[in-house]
Each structure stands twice: as C-alpha cells, then as structure tokens.
Amino acid sequence: YMGRFFRANMEPGACVVVGAQWGDEGKGKFVDMLAEKADVVARCAGGNNAGHTVVVDGKSFDFHLLPSGLIHVGCLCVIGNGLVVHLPGLLAEIEKNEKKGLTGWASRLVISDRAHLVFDLHQEIDGLEEKEKGGSSIGTTKRGIGPTYSAKAARTGFRVCDLYGDWAVFETRFRTFVANYQKRYGAELQIDIAAEISRYKQMAETIRPLVRDTVVLMQRELAAGKRVLVEGANATMLDLDFGTYPYVTSSSCTVGGACTGLGVPARSIRAVYGVVKAYTTRVGGGAFPTEQLNETGEKIQNIGQEYGVTTGRKRRCGWFDAVQMRYSHAINGFDKLCLTKLDVLDTFPEIKVGVAYRVQGQALESFPADMNVLAQVEVEYETFPGWQTNISHVRRFSDLPENARKYIHALETLVGVKMHWIGVGASRDAIVVQE
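On a predicted model such as this, the values are computed, not experimentally measured, just so you know.

Asker: Just checking my understanding: could you explain the overall build of the protein for this structure?
Answerer: Helix and strand counts for the protein come out as 13 helices and 20 strands. Across its three principal directions, the C-alpha atoms of the protein cover 70 × 50 × 40 Å. Counting only residues that meet the buried cut, the protein has 56% of its 435 residues in that class. Across the protein, every contact between residues at least 6 apart in sequence was considered, and the portion connecting residues at least 24 apart equals 76%. Both charge centroids of the protein, one from 50 positive and one from 49 negative side chains, sit 4 Å from each other.

Asker: Sorry, what's going on with the packing of helix α3 (residues 87-99) against helix α7 (residues 193-207) here?
Answerer: Any two packed helices are characterised by the angle at which their axes cross and by the distance between the axes. Following both chains from N to C, one finds α3 and α7 inclined at 50°, their axes separated by 11 Å at the closest point. Viewed along their axes, α3 and α7 adopt a mutual orientation that is oblique. Every pair of crossing elements has a handedness; the one defined by α3 and α7 is left-handed. On the side of α3, the interface is formed by L87, P88 and L91, while α7 contributes R199, Y200, M203, T206 and I207. In terms of residue class, the contact of α3 with α7 is made up of 6 nonpolar, 1 polar and 1 charged.

Asker: Any chance you could explain helix α2 (residues 27-35) here in plain terms?
Answerer: Because the α-helix completes a turn every 3.6 residues, residues three or four places apart line up on one side. Of all 9 residues making up α2, 8 are buried, and the element is well covered by its neighbours. All of the buried residues in α2 are K27, G28, F30, V31, D32, M33, L34 and A35.

Asker: Please explain the environment of E402 as it appears in this structure.
Answerer: Along the chain, the position of E402 falls in helix α13 (residues 402-415). C-alpha separation for the pair E402 and W387, spaced 15 residues apart in sequence, amounts to 7.5 Å.

Asker: What's the story with the pairing of strand β4 (residues 59-63) in this structure? I'm lost.
Answerer: Sheet topology note: the strand β3 (residues 52-56)/β4 ladder contains 5 bridges and is antiparallel. Among the inter-strand pairings, V54 is bridged to a residue of β4, identified as F61. Hairpin geometry of β3 and β4 is characterised by an intervening segment of 2 residues between the two adjacent antiparallel strands and by a positive phi of about 50° at D57.

Asker: What's the story with the pairing of strand β7 (residues 109-112) in this structure? I'm lost.
Answerer: Looking down a regular strand, the side chains alternate between one sheet face and the other. Residue alternation in β7 divides its side chains into two sets, L109 and I111 and V110 and S112, and both sets are buried. The pairing of strand β5 (residues 76-79) with β7 spans 3 bridges and is parallel. Paired with V78 across the bridge in β7 is V110. Pairing between β7 and strand β9 (residues 211-212): 2 bridges, direction parallel. Looking at β9, one finds that S112 is bridged to R212.

Asker: Looking at this structure, I do not really get the packing of helix α6 (residues 167-185) against α7. What am I missing?
Answerer: Across the interface, α6 lies against α7 with an axial gap of 11 Å and an inter-helix angle of 140°. Taken as axis vectors, α6 and α7 run oblique relative to one another. For α6 against α7, the interelement crossing comes out right-handed. Here α6 contributes W167, E171, F174, R175 and V178 to the contact with α7, which in turn contributes I193, E196, I197, Y200 and K201. Within the contact of α6 with α7, the residues separate by chemical class into 6 nonpolar, no polar and 4 charged.

Asker: Sorry if this is basic, but what is going on with the side chain of E412 here?
Answerer: Within the secondary structure, E412 sits in helix α13. Summary of buried charges: E412 has no salt-bridge partner, and the nearest side chain of opposite charge, K418, is 6.2 Å away. For E412, the side chain forms a polar contact with the main-chain nitrogen of M419, separated by 2.8 Å. With residues near it in sequence (within four places) discarded, E412 still touches V417, K418, M419 and Q434.

Asker: How do you make sense of the packing of aromatic side chains when you look at a structure like this?
Answerer: Remark: the centre distance and the inter-plane angle together describe each pair of aromatic rings, the angle taken between the planes. Counted under the stated rule, the structure contains 20 aromatic pairs. Their ring planes at 75° and their centres at 6.0 Å tell us that F384 and Y407 sit as a pair that is edge-to-face. Taken together, the positions of F384 in strand β18 (residues 378-385) and Y407 in helix α13 put the pair 23 residues apart, joining distant regions of the chain. In this structure, F384 and Y407 share a single accessibility class: buried.

Asker: Can you walk me through the pattern of salt bridges in this structure?
Answerer: If the charged atoms of two oppositely charged side chains come close together, the side chains can form a pair. Under the definition given, this model contains 20 salt bridges. Across the pair D120 and R199 runs a salt bridge, and its minimum N-O distance is 2.6 Å. On the criterion of sequence distance, the pair formed by D120 in helix α4 (residues 120-133) and R199 in helix α7 is long-range, its members being 79 residues apart. Looking at R199, the relative accessible area reads 27%, which means it is partly exposed. By sharing partners, the salt bridges in this structure join D24, K277, E306, R315 and K341 into a single network.

Asker: So what exactly am I meant to see when it comes to the sheet that holds strand β15 (residues 336-340) here?
Answerer: Each strand in a sheet pairs with another by means of backbone hydrogen bonds, the pair being arranged parallel or else antiparallel. Reading across from one edge, β9-β7-β5-β2-β10-β1-β11-β15-β19-β20 is the order of the 10 strands in this open sheet, with mixed pairing throughout. Each end of this open sheet is capped by a strand with a single partner; those strands are β9 and β20 (431-433). Each of β1 (13-19), β2 (40-43), β5, β7, β9 and β10 (227-231) touches helix α8 (residues 214-223); the most contacted strand, β5, lies at about 145° to it.

Asker: What should I look at first to understand the nonpolar core in this one?
Answerer: Judged by nonpolar contacts, the single largest core of 64 residues is most densely connected at L87, L90, L109, F119, L121, L163 and L229. At 7 residues, the largest contribution of residues to this core is made by α6. Core analysis: the second largest hydrophobic core is formed by 60 residues, L217, M325, L342 and I422 among them.

Rules behind the numbers
- Residues numbered from 1 in each chain as written.
- Predicted model: local features only at pLDDT ≥ 70, side-chain atom pairs only at ≥ 80, totals over all residues.
- Heavy atoms only, no water.
- Helix = DSSP H or I, 4+ residues; strand = E, 2+ residues; numbered from the N terminus.
- Buried < 20%, exposed > 50% of the residue type's maximum accessible area, 1.4 Å probe, protein only.
- Contact = heavy atoms within 4.5 Å.
- Lys, Arg positive; Asp, Glu negative; His and termini not counted.
- Charge placed at Lys NZ, Arg CZ, Asp CG, Glu CD.
- Axes fitted to C-alpha atoms, helices over the stretch in contact; angles between N-to-C directions.
- Parallel < 35°, antiparallel > 145°, perpendicular 65-115°, else oblique.
- Left-handed = near helix turned anticlockwise from the far one by under 90°.
- Nonpolar A, V, L, I, M, F, W, Y, C, P; charged D, E, K, R; others polar.
- Pairing = 2+ DSSP bridges.
- Salt bridge = Lys/Arg side-chain N within 4 Å of Asp/Glu carboxyl O.
- Polar contact = N/O pair within 3.5 Å; in protein donor to acceptor, adjacent residues only side chain to side chain.
- Phe/Tyr/Trp six-rings, centres within 6.5 Å; stacked < 30°, edge-to-face > 60°.
- Core = buried A, V, L, I, M, F, W, Y, C linked by side-chain atoms within 4.5 Å.

Structure follows, in structure tokens:
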C-alpha cells in the first residue's frame, strides 16, 4: 500500500521537496519514503548545515551533505552545483555511515564539478564574523557556509573543478586567498597553508571518481524519463531572498533552488511538495510571531523532542502560522503538503493557529520584509478543540479523531493546499494518506 501511493506520486521528471517553514519539518523521513521509488535523488543548495536522520532496520543514519537517498541501492545520488562542499566533512560523513552499514555508495554518488569548496578557513571566519556581530549575531551553525557563499558571490571562491586544473595555479590562488583574509583578521586566523594544500591534493584524488558534469547528467536522466527527486535543505523562511533576512541561510532553498542549484529546467519540474509541521519551530535568532515563550512552548519542545540534528540546539516552538504558510505557498506553488508531527499535539485540550497579523491595530496584507515590523506584529489566533487521544497507531485518515480531521481541514482552507500526507509518529510507517 505504502509503495503504491508513493509510486503514484513519483512520475517521470523532477519532483521537488521543500521545507515550508524555518526548517526541521521532517523532510528527511518524507524524502526517504519518496526515494524508494526514485531513480535519482539530488541536493541543490546548502552544505553540511542541514541535517536529516533516516532510520532503516533499527539503524539510524545521519545525513548532512549526502543526499539521504544513498541508503537505497537503486538510487543515484547527486550533490549539485548549488551546494558548498566541505570535503573533510563529506569524507567523515561517509566513513561514519559506512560503520553503520552503508555499502556500495561509491557507485551511486556523484559530485558536481561546479560545486564550491568550503575550507576550514571559511569555518574559522564564520566563527569570527559571528563574534564581531556581538549581540546581533544570526546564530549560524559555524560550518563555513556563509563565508563560502560570500566568496562565491565575490567571485573569489574555489570550485571542485579547480582541484583538477593546473595545481600550481590552485596553490597560488589559495595562498592569495588566505593572505587576503589574514590582512583582515590578523593573528586571530591561524592556518598552515602548506599542510592545507597537501591535504586537498590528497582529497582531490579520493573524490576524483565521483566528480562529474551534473548538468549533462541531469539532462540525460530527465530525457530518459527517470524519476528525479530534488531534496530541499533548510527551508523557505531561511531562503536568502524570501526568508526572514538577515536571519537566513546563504542559499536558495525555495523551489527556484532546484533550477539554479542543479541546472534542472523549470519545465521539467512536475510536482512541488511542501513539508510543514502541525506547529512551528525555528532555530537561531530572528522574529518568530507565533512563538510561545511559556509552558505551551516548553510542552511542544519536550513532546516533539525539538533539538537540532546538526547542532543539538534547542528549537524555539510556537503555534502553526497560516500567514507564514500562505506566503510560503505563494513562492513555491505547492501541489500537496506533508503535515508532520501531528501526534505531538495529542494531549493539548486546545490548539491555536495564527490566522492574521496586525501592527498597531492595522491588518497586514502580506508577510512583512522588515524584521522590525515582524517583531512588532500582534497575531490574531483561531482556537480549535484538541482530540486528546493517542493517534500514533492510526493509518487511515477516516480513523483519525474527528477534531484532528477538522484541524487538518482548517489548515488546508487557511493555506489553500491539500495535506495529502499526515505524519502521526516517529516510525517510518507512521503516516496517514488522505486520498
């Protein structure tokens, strides 16, 4: 049954899975289910600042840079040009998952020759930049993502293909690159240039069999009628253009990222699926209108085990925000939504949903760009009765408590998209399909 409905949702062409809120919506588990029926699973943005945990046969695999389709034997996995790749981190991640039983990955993993490289230097700079910001720090994962994308935009970055050109040119460029940063940061930035160059020469040989022109690869796979699953990282509200700037990541993590970060033409995208929690969470700084800094927020955090996969940080928790979700839908054009962690709300007598924003009594027409305005909004809530029943064993939509069904239908009406999949527990099969 599960296989049948996932196959029906994986047609030839590209299907893009996008985080619809501020991340941590449970994309990993959803992508993993779709990946069973996909021929290709590709990542298009971000780096190892993302985190997915996938449980197979009781073993827990952690993916940060690797596409989570790698655990499926028949699946080709692509690290697209839009990613920033920290090679030591990538190799460590492969080794860690190998120890847990991941095999045959070398024949299934492809790295774009156009992807940018994250050096340890970028990670150090990330920490120094956050320190400089003091009280107004963004709360980055300090994985060097921001500084790498900054170098990419300033056209001083290094790409995977640079590892296979004239090595003397690479060496000269790298020395200049480091010298420029040392001018700014002085003694705070300690780096053994010779050791770093030698290490990269070695790693370049290790990954050489995996490196390909992924534009040609994606074109070929799509032309052959293959089912391509694009695995979004981070989420819409962390997008560099559309997110709660500056409290965002440095890449395009909306549906547009599939085109810019993989070279997939827009006409090849057959479906866009959003993943959204039954409530809202966010990590790091920035305004969060429906945040509950009270017992409700703590209760959601404890029941939902809201701690980051990548950093272990506590996530901030609040009610579902329909204003934010309508904005997210406007940008991505979701075909269907996967609603996750509905079971976390099982014990709540009442559940609230943010339905409108007001500033000084005036209703806002849209989600504001200015963070100072967002920080001032008063949220108008609608209250729904809870179901106060354990739903983790439910597998049919009609078997969900009436109030749970009413809550789902209310969210659908408020957002304007059908919630086709509903997550009701942590296990892989704890999902209900609304036909």
